[in-house]
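Structure at a glance
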Amino acid sequence: MEMKYVNNIQKLMKPKRKIDVVLDTDTFNEIDDQYALAYLINSQDKLNLKAVYAAPFYNYKVCSAEEGMQKSYEEIFKVLKLMNREELNGIVFKGSKEMLKDIHTPVISDASKHLVELAKLYSEDNPLYVVCISTLTDIASAIIQEPSIIDKIVLVWLGGHAHDWCNDESFNLFYEGCPNEEFNLMQDTLAAKVVFDSGIAMVQLPCMGVVSAFTTTGPELEYWLRGKNKLCDYLIDVTKNEAKVDGMEKTWSRAIWDVTAVAWLLDGNFMYDKYVPCPVIHSDGSYSFEENRHLIKYVYYIHRDTLFADLFKKLSM
């Protein structure tokens, strides 16, 4: 096994000390990013937030990836204001205005340039931790600009579906579109290919089949968070509104996906993970597997109740 990949295994052990972290987030896309940002900030005993990057996204809420990034940028400041943490405004950076056009050309942004320069200050023995809860465009662009940074960072990415998620075409009878299509992955499959092929030390938290179990409900949110502070009331209201948009039933639940990526850095009791060969990413969002690929950490189970208990406690601070 190459020495670089041996070092990756060492870097992918859970950190036992306080660490420096940056967060890449499409904050306006859904509601879970706001939870994750607040959770990270209120975990300052273990996580030292160095920067927040506004990532691009494109869906029914915006007219372009650039608008998605801009609205995410604005939403970050809204969360910081609700938390009375406006002193952090100076470490918020705009990300990419578009997705990658090819695997050789970066999308230059304040975020990708900042990540390159910040990562240079770290080492294999003392890496910078990059939590990405969005498309990988900003991360891939930084890697293309300066490939050497892969030795100095650990990437924790929420994206893609479980490696054993259904690949059978018959599954389309029950699933609208390709069963492999996951939002963070499909927004920029070229960026995912750059990152997955780079050999970077990476933790993957898959969506359907793993993190999809990390759900909450309106009554639970009301019980634990209502009236605790301005942020909590905002999170409840926006979560309920998102549920309505998704056509909620009387017994609706909502996955708070992105919190899990932050939680991986905090404690060994929130989830189970294992080393697996890094998948090969294809343009339709599907995986293929080669045994000689470098190893990544793969999360395969979330302790839902334990993690929500910690989340609710910290959001109520």
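The preceding data block contains the structure.
The structure presented is a predicted model; accordingly, all values stated were derived computationally and were not measured.

Take helix 11 (residues 304-315) next. Taking 1.5 Å of rise per residue, the twelve residues of helix 11 would be expected to cover 16 Å, and the 16 Å separating its terminal C-alpha atoms lies within 8% of that figure. Buried within helix 11 are the following residues: Leu307, Phe308, Asp310, Leu311, Phe312, Lys314 and Leu315. The elements touched by buried residues of helix 11 are helix 2 (32-41), strand 7 (215-216), helix 8 (218-225), helix 9 (230-245), helix 10 (259-264) and strand 12 (295-302).

Attention now goes to the side chain of Asn8. Within the secondary structure layout, Asn8 lies in helix 1 (residues 3-11). Exposure remark for Asn8: the relative accessible area of 2% places this residue in the buried category.

On to the packing of aromatic side chains. Applying the stated criterion across every chain yields a total of ten aromatic pairs. Ring centres of Tyr73 and Phe77 lie 4.8 Å apart, and the angle between their planes is 85°; this geometry places the pair in the edge-to-face category. Of this pair, Tyr73 and Phe77 both sit in helix 3 (residues 65-82), four residues apart, which is roughly one turn of that helix. A relative accessible area of 19% means that Tyr73 is categorised as buried. Its relative accessible area of 24% is what places Phe77 among the partly exposed residues. With centroids separated by 6.0 Å and ring planes inclined at 45°, the aromatic side chains of Tyr287 and Phe289 adopt a geometry described as tilted. For Phe289, a relative accessible area of 45% translates into the label partly exposed. Feature note: the residues Phe214, Tyr223, Trp224, Phe308 and Phe312 constitute an aromatic cluster, connected by ring pairs. Its end group placed over the ring of Phe28, Lys61 keeps NZ or CZ at 5.3 Å from the ring centre. Here the basic side chain of Lys297 rests over the ring of Tyr275, its NZ or CZ set 4.9 Å away from the ring centre.

Remark: a regular strand shows side chains that alternate across the two faces of the sheet. Taking burial as the measure, the six residues of strand 5 (residues 153-158) include six buried ones, the bulk of the element. Side chains of strand 5 alternate between two faces, with Ile153, Leu155 and Trp157 and Val154, Val156 and Leu158 buried alike. Here strand 4 (residues 128-133) runs beside strand 5; their pairing, made up of five bridges, is parallel. Its bridge partner lying in strand 5, Cys132 is registered against Trp157. In this fold, the crossover linking strand 4 to strand 5 by way of helix 5 (residues 137-145) has right-handed handedness. Across five bridges, strand 5 lies against strand 6 (residues 201-205) in parallel orientation. Directly across from Val156, in strand 6, lies its bridge partner Val203.

Moving on to the layout of surface pockets. As a volume, the largest pocket reaches approximately 720 Å³. Every residue lining the largest pocket is counted, 26 residues in all, and those nearest its centre are Glu30, Glu181, Glu182, Phe183 and Trp257. Counting residues per element, the ones that place at least two in the lining of the largest pocket are helix 2, helix 6 (183-186) and strand 8 (254-255). It is helix 6 that contributes the most residues to the lining of the largest pocket, three residues altogether. Of the residues that constitute the lining of the largest pocket, the class distribution is ten nonpolar, five polar and eleven charged. Considering only enclosed or pocket space, the second largest pocket measures out at about 200 Å³ in volume.

This part covers the pattern of salt bridges. Tallying each qualifying case throughout the model produces 18 salt bridges. One salt bridge in this structure joins Glu30 and Arg254, with 2.6 Å as the shortest N-O distance. Here the residue Glu30 occupies a position in the loop between strand 1 (19-25) and helix 2, and Arg254 occupies one in strand 8, the gap between them amounting to 224 residues. With its nearest N and O atoms 3.3 Å apart, the salt bridge here joins Lys120 to Glu117.

Moving on, we come to the packing of helix 8 against helix 9. It is at 10 Å that the axes of helix 8 and helix 9 come closest, and there the two elements cross at 175°. Looking at the two axes, helix 8 sits roughly antiparallel to helix 9. Where helix 8 abuts helix 9, its residues Gly218, Leu221, Glu222 and Leu225 lie against Cys232, Asp233, Ile236, Thr239 and Lys240. Per-class residue counts for the contact of helix 8 with helix 9 are four nonpolar, two polar and three charged.

Calculation rules
All residue numbers refer to position in the chain's written sequence, counted from 1. Thresholds applied to this predicted model are a pLDDT of at least 70 for local features of residues and 80 or more for the giving and counting of side-chain atom pairs; totals over whole chains, interfaces and linings are not thresholded and use all residues. Note that the side-chain values use all heavy atoms of the structure and ignore hydrogens as well as water. Secondary structure elements are taken from DSSP: a helix is a run of H or I of four residues or more, a strand is a run of E of two residues or more, and numbering for both begins at the N terminus. Multiply 1.5 Å by the residue count of a helix minus one, and that product is the helix's expected span. For every residue, the accessible area (1.4 Å probe, protein chains only) is compared with the maximum for its type, and the residue is labelled buried under 20%, exposed over 50%, or partly exposed between those bounds. Whether two residues are in contact is decided by their heavy atoms: any pair within 4.5 Å suffices. Side-chain rings of Phe, Tyr and Trp (the six-membered ring for Trp) are treated as a pair once their centres are within 6.5 Å; stacked means planes under 30 degrees apart, edge-to-face means over 60, and tilted covers the remaining angles. Both a distance and an angle decide whether a charge sits over a ring: NZ of Lys or CZ of Arg must be within 6 Å of the ring centre and within 35 degrees of the ring normal. Paired strands, in this sense, are two strands between which DSSP finds at least two bridges. Clockwise travel from the first strand over the helix to the second, with the strands pointing away from the viewer, marks a crossover as right-handed. A 1.4 Å probe that fits but cannot get out identifies a cavity on a 1 Å grid over protein atoms alone, an open set with protein on both sides within 12 Å along at least five of seven lines counts as a pocket, and a residue lines either if it has an atom within 4 Å of a point. Grid points are joined across faces, edges and corners, and a volume is the space filled by probe spheres set on the points. Any residue that is not Ala, Val, Leu, Ile, Met, Phe, Trp, Tyr, Cys, Pro, Asp, Glu, Lys or Arg is counted as polar, Gly included; the first ten are nonpolar and the last four charged. Any carboxyl oxygen of Asp or Glu that lies within 4 Å of a side-chain nitrogen of Lys or Arg is treated as forming a salt bridge with it. Each axis is a line fitted through C-alpha atoms, taken for helices only over the stretch in contact, and angles between the N-to-C directions span 0 to 180 degrees. In these notes the angle categories are as follows: under 35 degrees is roughly parallel, over 145 is roughly antiparallel, 65 to 115 is roughly perpendicular, and the rest is oblique.

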